[in-house]
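Each chain, letter by letter, is given below.
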There are 2 protein chains.
Amino acid sequence: MAVESTEPGTVRPGGRTARVRAAVLRAAGDALAEHGFAGLDLGDVARRAEVGRTTVYRRWGTVTALVADLLDDMAEQSQPRTETGSLLEDLRANARLVQRTLTDARQGPLFRAVIAAASCDPDTAEALHRFYRARITEWAPCVTQAVGRGELPEGTDPDEVVRAVSAPLYYRLLASGDPLDESAADRAAGAAVAAARAGAYLRRAGPSDRPEGA
Amino acid sequence: MAVESTEPGTVRPGGRTARVRAAVLRAAGDALAEHGFAGLDLGDVARRAEVGRTTVYRRWGTVTALVADLLDDMAEQSQPRTETGSLLEDLRANARLVQRTLTDARQGPLFRAVIAAASCDPDTAEALHRFYRARITEWAPCVTQAVGRGELPEGTDPDEVVRAVSAPLYYRLLASGDPLDESAADRAAGAAVAAARAGAYLRRAGPSDRPEGA
């Protein structure tokens, strides 16, 4: 497949391919942050990325496929977990990372746009869920290690604890509109740790997330 | 203003006005649930409500104003809080109400549509925030009463506890896509109570939600 380089000089096709993808995904993120999903257009993305339209249409084909690739790339690129040796410090670092991301001038609108798109497009929703799955998998070991250190009860579900850190921050961003500041992040981490210590996130006897009934 | 009745027979204008509003808001909710915000059209809503187009255009004017009125009506119509005398039981009832609403065949898509619309429209966002403000105000007394009964520490912020019950459920619906079942609702209530008991939601010394710093 013919691929235009986004940089001068001759480079190996692999290098070009990677740089073209990076340029296109960067442009797609910029476009989403500026105009939302409804305003996303492959031709506009190609112009912003200074990449040939045919390359973008051939490789991604649809805006949905482009957004899915952007989300997969965001999952790959997202920052590794913090390991301080203290669960509260680890989760506070995670909460502050989420809070900074959601309030970032580019990332905030980008996440809002992708989440809005996911609410009416199943493929985008799947890609979004893969993104959060990757983030939860990245941070879960902080909880597993805390159980090992005796900071949390045996049988604590690490995924539930990691979700509990992000949930209050997304709720403020998407639903209630309450301030999304650093103290909200610290409170989210503190509440997750307190609830986990009290055994609120113990794995269920039955298969995960099967209703327990009343 | 001429107002068509949605029911046969002669009624007082006030009665007609109220019934027309109810019919139009019902139709707007149905249309949002079926086609999302982008597919919302005042003419279509008038047809669904069997109300004259001029009435809808004159009274609401824009889809944004119609959605804002729908959200204000949803806040007025929303169910009163449960009072069992136990904080855990009260908040579990709240969590299950939220979970049933978000997974309801009509209400679920309706909330997703309105939340998506709020992410790109400030007036819709304001109306959405008023809705959650009303819900938090309705349920906060459960927490205040629990503090009075000595179930929670003095200085617990009731709004934070109520938000903590809903947040994990909205996070599953909008972000992570994890199952949104009754056990998720019970876990959300249990975690909120455990964290509140541990003092994770104490009011801050400074003005609410001002950053505390590290």
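Throughout what follows, the structure given in this document is the object of discussion.

Here we look at the packing of helix α5 (residues 87-103) of chain B against helix α7 (residues 122-148) of chain B
All names here are of chain B.
Thinking step 1. Where α5 contacts α7, the axes come no closer than 9 Å and their chain directions differ by 160 degrees. With respect to α7, the axis of α5 lies roughly antiparallel. For the crossing formed where α5 meets α7, the hand is left-handed. Between α5 and α7, the contacting residues are Leu 87, Asp 90, Ala 93, Asn 94 and Leu 97 on the first element and Arg 135, Trp 139, Cys 142, Val 143 and Ala 146 on the second.

Quick look at the relation of the copies chain A and chain B
Thinking step 1. At an RMSD of 0.0 Å, chain A and chain B line up after a rotation of 180 degrees and a shift of 0.0 Å along the axis. Each copy turns onto its partner about a two-fold axis.
Thinking step 2. Taken as a fraction of all interface residues of chain A, those also at the interface in chain B reach 100%, which identifies the copy contact as same-surface.

As for helix α4 (residues 63-77) of chain B
Thinking step 1. Between its terminal C-alpha atoms α4 of chain B stretches 20 Å, which fits the 21 Å expected from 15 residues at 1.5 Å a residue.
Thinking step 2. Among all positions of α4 of chain B, only Thr 64, Leu 66, Val 67, Ala 68, Asp 69, Leu 70, Leu 71, Asp 73, Met 74 and Ala 75 of chain B are buried.

Some thoughts on the nonpolar core
Thinking step 1. Of all hydrophobic cores here, the largest spans 144 residues; its most connected members are Val 24, Tyr 132 and Tyr 170 of chain A together with Val 24, Tyr 132 and Tyr 170 of chain B.
Thinking step 2. Non-local contacts of Tyr 132 of chain B, meaning those with residues more than four positions away in its chain, are made with Tyr 171, Ala 175 and Ser 176 of chain A together with Phe 111, Ile 115 and Tyr 170 of chain B.

Overview of the interface of chain A and chain B
Thinking step 1. Taken together, the contact between chain A and chain B spans 48 residues of the former and 48 residues of the latter.
Thinking step 2. Between chain A and chain B the total buried area reaches about 3,800 Å² when both faces are included, carbon and sulfur atoms providing 54% of it.
Thinking step 3. Viewed at the interface, chain B and chain A are joined by eight salt bridges.
Thinking step 4. Among the ionic pairs, Arg 187 of chain A bridges to Glu 160 of chain B, the shortest N-O distance being 3.3 Å.
Thinking step 5. Taken together, the links from chain A to chain B amount to 12 residue pairs in polar contact (both at pLDDT 80 or more).
Thinking step 6. Within the residue set of the side of chain A that touches chain B, elements represented by two or more residues are α6 (107-118), α7 (122-148), α8 (158-176) and α9 (182-197) of chain A.
Thinking step 7. Element by element, the count of residues in the side of chain A that touches chain B is highest for α8 of chain A, at 11 residues.

Cut-off values and rules
Residues numbered from 1 in each chain as written. Chains lettered and ligands numbered in written order. Predicted model: local features only at pLDDT ≥ 70, side-chain atom pairs only at ≥ 80, totals over all residues. Heavy atoms only, no water. Axes fitted to C-alpha atoms, helices over the stretch in contact; angles between N-to-C directions. Helix = DSSP H or I, 4+ residues; strand = E, 2+ residues; numbered from the N terminus. Parallel < 35°, antiparallel > 145°, perpendicular 65-115°, else oblique. Left-handed = near helix turned anticlockwise from the far one by under 90°. Contact = heavy atoms within 4.5 Å. Least-squares fit on C-alpha atoms with pLDDT ≥ 70 in both. Expected span 1.5 Å × (residues − 1). Buried < 20%, exposed > 50% of the residue type's maximum accessible area, 1.4 Å probe, protein only. Core = buried A, V, L, I, M, F, W, Y, C linked by side-chain atoms within 4.5 Å. Buried area = accessible area lost by both parts, 1.4 Å probe. Salt bridge = Lys/Arg side-chain N within 4 Å of Asp/Glu carboxyl O. Polar contact = N/O pair within 3.5 Å; in protein donor to acceptor, adjacent residues only side chain to side chain.

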